Each structure stands twice: as structure tokens, then as C-alpha cells.
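# Coordinate analysis (summary)
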Amino acid sequence: MSAAAAHVGPGEQQVPQGQDERKRGLTGYLLLLPGALWLLVFFVVPLVTLISTSLYDPSGSVFAGYEMTFHWRNYVDAVQGYGPQLWRSFLYAGTATVAAVLLGFPLAYAIAFKAGRWKNLMLILVIAPFFTSFLIRTLSWQMLLGDNGWLVDIFRTLQILGPDGHLLATPFAVVTGLTYNFLPFMVLPLYASLEKLDPRLLEAGADLYATPLTTFRKVTLPLAMPGLVAGTLLTFIPAAGDYINSELLGTPNTRMIGNEIQDLFAAGSYPVAAALSVTLMAAIVALVTVYVRRSGSEELV
Amino acid sequence: MSRLGTRRWLGDRLVMLFAVLVLLYMLVPVGVVILMSFNQPASRQGYTFDAFTLDNWTNICGPYQLCDSVTISIQIGLLATVVATALGALMAFAMVRHRFRGRGTANVAIFLPMASPEIVLGSSLLALFVSAGFAGQLGFWTIFVAHVMFCLSFVVVTVKARLAGLDPRLEQAAMDLYANEWQTFWRVTFPLVFPGILAAALLSFSLSFDDFIITNLVSGQTVTFPMFVWGAAQRGIPPQINVVGTIMFLLALALVVIGELNSRRRLRG
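### Here's the deal with the packing of helix α11 (residues 257–266) of chain A against helix α5 (residues 118–131) of chain B
- Between α11(A) and α5(B), the shortest axis-to-axis distance is 11 Å and the interhelical angle comes to 15°. Judged by the inter-axis angle, α11(A) sits roughly parallel to α5(B). The crossing of α11(A) and α5(B) is left-handed. On α5(B), the residues touching A:Gly258, A:Ile261, A:Gln262 and A:Phe265 of α11(A) are B:Ile119, B:Ser123 and B:Leu126.
- A class-by-class count of the residues in the contact of α11(A) with α5(B) yields four nonpolar, three polar and no charged.

### Some thoughts on the side chain of B:Asn56
- Along the chain, B:Asn56 turns up in helix α2 (residues 55–58).
- When neighbours within four sequence positions are excluded, B:Asn56 is seen to be in contact with B:Met36, B:Ser37, B:Phe38, B:Asn39, B:Pro239, B:Gln240 and B:Val243.

### What about the packing of helix α3 (residues 66–97) of chain B against helix α10 (residues 225–235) of chain B?
Residues and elements named next belong to chain B.
- Packing of α3 against α10 leaves a shortest axis separation of 7 Å and a crossing angle of 145°. Taken together, the residues of α10 that come into contact with α3 (itself represented by Leu66, Ser69, Val70 and Ser73) are Phe225, Pro226 and Phe228.
- In terms of residue class, the contact of α3 with α10 is built from five nonpolar, two polar and no charged.

### Overview of a nonpolar patch on the surface
- Among the surface-exposed residues, A:Leu33, A:Leu37, A:Leu40, A:Val41, A:Val44, A:Val45 and A:Val48 lie close enough to one another that they form a single nonpolar patch of about 530 Å² accessible area.
- Residue class for A:Leu40 comes out partly exposed when judged on its relative accessible area of 43%.

### Comments concerning the pattern of salt bridges
- Under the definition given, this model contains eight salt bridges over all chains.
- A salt bridge links A:Lys114 to B:Asp12; the shortest N-O distance between them is 2.9 Å. Of the two residues, A:Lys114 is situated in helix α3 (residues 73–114) and B:Asp12 in helix α1 (residues 3–36); the pairing between them involves two chains.
- Residue classification places A:Lys114 among the partly exposed positions, given a relative accessible area of 23%.

### Remarks on the state of the cysteines
Residues and elements named next belong to chain B.
- Applying the stated rule across the entire model yields one disulfide over all chains.
- Paired by a disulfide, Cys61 and Cys67 hold their sulfur atoms 1.9 Å apart. The sign of the S-S torsion, about -90°, decides the handedness of the disulfide formed by Cys61 and Cys67: left-handed.
- On the basis of relative accessibility, which here comes to 48%, the residue Cys61 falls in the partly exposed class.
- Here Cys67 falls in the partly exposed class, since its relative accessible area comes to 21%.

### As for the interface of chain A and chain B
- Opposite the 87 residues of chain A that make contact, chain B presents 89 residues.
- Both sides together, the interface formed by chain A and chain B hides about 8000 Å², and carbon and sulfur atoms give 76% of it.
- The interface formed by chain A and chain B holds one salt bridge in total.
- For the interface between chain A and chain B, the tally reads 13 residue pairs in polar contact (both at pLDDT 80 or more).
- If you tally residues by element for the side of chain A that touches chain B, the top one is helix α2 (residues 26–53) of chain A, at 19 residues.
- Grouping the constituent residues of the side of chain A that touches chain B by class yields 55 nonpolar, 23 polar and nine charged.

### Here we look at the side chain of A:Thr132
- Here A:Thr132 shows up in the loop between α4 (119–127) and α5 (134–145).
- Assessed through its relative accessible area of 1%, A:Thr132 is described here as buried.
- Dropping the residues within four chain positions of it, A:Thr132 is found in contact with A:Arg137, B:Val30, B:Asp210, B:Gly245, B:Met248 and B:Phe249.

How each quantity is defined
Residues numbered from 1 in each chain as written. Chains lettered and ligands numbered in written order. Predicted model: local features only at pLDDT ≥ 70, side-chain atom pairs only at ≥ 80, totals over all residues. Heavy atoms only, no water. Axes fitted to C-alpha atoms, helices over the stretch in contact; angles between N-to-C directions. Helix = DSSP H or I, 4+ residues; strand = E, 2+ residues; numbered from the N terminus. Parallel < 35°, antiparallel > 145°, perpendicular 65-115°, else oblique. Left-handed = near helix turned anticlockwise from the far one by under 90°. Contact = heavy atoms within 4.5 Å. Nonpolar A, V, L, I, M, F, W, Y, C, P; charged D, E, K, R; others polar. Patch = residues over 30% accessible without salt bridge, like charges linked within 9 Å, V, L, I, M, F, W, Y side chains within 5 Å. Areas by Shrake-Rupley, 256 points an atom, 1.4 Å probe, with all protein chains shown as cover. Salt bridge = Lys/Arg side-chain N within 4 Å of Asp/Glu carboxyl O. Buried < 20%, exposed > 50% of the residue type's maximum accessible area, 1.4 Å probe, protein only. Disulfide = S-S within 2.5 Å. Buried area = accessible area lost by both parts, 1.4 Å probe. Polar contact = N/O pair within 3.5 Å; in protein donor to acceptor, adjacent residues only side chain to side chain.

As C-alpha cells, this is what we get:
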């Protein structure tokens, strides 16, 4: 709507504002333009550059320059050389995601239905870890899981760990750290879904002689599905690319794909690093597509 | 109370207990950060609480480069926040209030950066900077560019949510009362959307301040606070890092509590 049209008096307003309030015209494009350009130049173009870098001849170097030789072998080298790390990344990220669902679902459920007047406080506590640095919090786990920490003492007393068993520098530590770091990303979307759920539906389930378990399975879970899908993606994707937890809480035997990509870039092996990075992205896109399709169809069943 | 009622009561308590335990898991590391800010480490090796001291708080800038790195992080954070919030808010207005071709593409382009692992975003940017001949100039500005890029999507999503929840009749009422488009925007729309913009700005700043994986790839020789922490983690962690962590925590907590009290007061008044 132009400024001239706005001067039309209320009685003369030609277009009654209906369901679709959206305006046509150039302004929309102009508003979108700066941000879109930024994303184009610093997100889309870099992705294309990454793909082309992954096909450079690996014998070049950053300062001498690279030659574009469509060197598809970079991908073979990447997958053959770093297959275990790739597999481990998905294994750890998958385990952390499952753990985050098991811990996060009851928490989100409790906040949505059982917390009463403590609801806001509990929500603030869920985001409170974000108030301080991700790296420093991960370092705290070094102390908590360390051999001098009380967790190791308890586990040893309970005979869960042998007298010289460790928690730190194990896959368990890495998965614990990953779960911890991404748990809020699971809880918040789950809570958003559960909060919209009308509690009368649960009562209706009980009235119709469903056991609590059946009500949960047939009512709560399907309605929480959008939050569950969003939460698992927000946990799994960053966890699969993370290398901080593996580096700070693990050992060389727990290295994930992120560690390798970072080190290859730092060492200047750009083509192989880029190939590995593209492989990771492609694998994630494939997994996410299958997952979203399947969870979408399950929702309909 | 019937047997079923008892069971239900017990079930509710169990769910709450479990929820509190999970919250504890989420908060214990924050407690460790605060505790360790008062630690006087006996040696550089190992990460244990040895003795209580206030020295770290009176001598925050003691470790070489610590305060410089915090300053750089704050500068980049503020700049990236201003640019990302401005560009992102404009995009959100376009997405909610305007019709245009390619809206689906725009939606995907905004969503994708949030759905990509940071290592992929960082390595793409590095590949771009290197092939554009900026390999020697990695530093403050390349970090800034990267941070604006990944903050942008979060700003769009946050402001969009606020805009979509806004009652269009308020703006229509302003127009009916002879406000022109400009007046309507600044007197009605903007004040109503402002909390969303503020939330987006705070989110941007904290994302930028805390980012490590992308920054590490595009930073060259520039050391931001997370990069300082990373370097320190390899050499032995100075307890002052935890002082900075505690200050961050308290500042953010204060902001959230003030915001919460404000919105409650508004609801009552």
C-alpha cells in the first residue's frame, strides 16, 4: 500500500482487509534483498566452492594454488581413510539423540503438565546452561568425570566400574558430553508441542478405558511428533559434526569426523578436507530426508 | 483416595522427580564453573578444586591475552548482532507481510544454515575465502562475516514468530484513525514487534560470543574468547576463565529475570 493510498479516509477504504494481508509490489523484494544477498554470498556460494574444492588436485597447496582436475578420487580417499570416524560420528550422535529423548521427554512432559506454578522457573533452568560458554561447560565435565571426581568414586563403590575403571577419556564420556550439550535443543521443541496438547484429550483417553500407557502411545506421542522430529534433528545434526566433546572428553580412539575435517584444514589438505565435509553434509541430508519422510508417514498412520 | 488415585499421585511425583534429576544434570556443570572461579589450583595439570581464593576475581586479566580475547569477542558480537538483527528483521517483515515470487526458495535458504553442521558451514566459508585469495587476511572481518551469516537465520525465525502472532487489526485501527503508513509502522507495529527484535538480538549476541567451530576455521591469528579457552584447555586451564564464565552467566540471568518481571508487571498493570 503506498503512502498516498493510506490517506484515503476510513469510509473510502476500497479493499476490506481480508484473510490475506500480504502486500504485493517491490517493497517485499527490497526488504528481502540485503539478507538474501548475505546468505547467497556467504552461505550458498561457499557451499559451491566447498564442492569444487573437493574436486581439486590434492597435490596443490593454499599458497601455490590448486588445479581443478575433477579429482573424484578425493572422495574415495576420504571415505576409505576416514570411514571409522564417519561411522563413529553417526553412532555417537545417534546414541546421544536417543539419550536426549529419554531424558528430555519426561522433562518436557513434566514442565508442560505437572509443573504448575513452577513452569516458568523450570523453563528458565532449561535454557540456563546457555547463559555461559559451551566450551567452559564441556571442560567442567572433565572435572566431573575425572578420576578424582565423585562420580568415579560412586561408580567404583557400586562396582559399576572396576577399581581402576575410568569415566573420562571413554566413549561414554563423549556421549555424555554430547547429550548434555544438545539436551536443551531437544527439550524446548518437545515442550512447545506438548504445551499445545489439550489435557482433556488425555482424560478422554482414560474415560474410554485406555490404560495410561495406551493413552500415551495413541494420544500423547502422535501429538508430540512435530516436537520430537524437530528436537531429534536439532540434537543429531550438530552432534554429528561436533568435535569439541570428542577432543576434550575422549581419546584418539574416539575421534569423530569433525576432528578429522578440522585437522585436515589446519594441515592445509584442503581438497580431502572438503571432500570429507561434503560427504558429511550429504550423509546428513540423506538421513534427515529418510527420517522426516518416515516420521511423517507414521504420523498419518 | 482410591488405589488408582494413589497410583496416579505416585506417578506424578515420579515424573517430577525424574525431571528434577534431568535439570540437575543440565545445571551441575554451571555449578562447577561458578565453584572453579574461586579455585586456587595447586598445579597446572588436572582440573580439581584445591583451595578457596578470591584472587581470580580481583585479577581477571592476569592470564596473557584473556581480556584481549574477551574484548574481541564482544566487538565481533556487537557488530554481528547489529548487522544480523537489521538484515534479519527486514527479511522477517518481507516474509510475513509481503508477497513475492521465490518465497519457498527464500524459506529454504533461511532454514538450511540452521540445519547444517557448523563444521560444514565453517569449511565452506574457509574454502571461499581461500579461493577468493583471502587466505592471508583471515581475522576479525572474516569472523564477523561468518557470524552474521549464522545469526541471520535465527533472527528471521525469532522475529517472524513475533510478527505472525501480531493482531493485524491493531494496525488497521491505527490506519482508521488517520495514521499514515509511516506513523502506523513506528507507533504501532514497531513497538509491538520490538520484544521479538530484542530477543533476536540477544540470541545473536550469545551465539556469536559462544561460537567456536566456525570461528576456529576462519579466524587466522585472531583469538576470540572461545578460542582462548580452547588453547588454554590444551595447556592447563587458568581459573580466570571460570570467572568470565560466571560473569556471563550472572549477566544473562539478570537480563532474563528482569524481562520476566517486566512482562509480569505488564500483565498485571
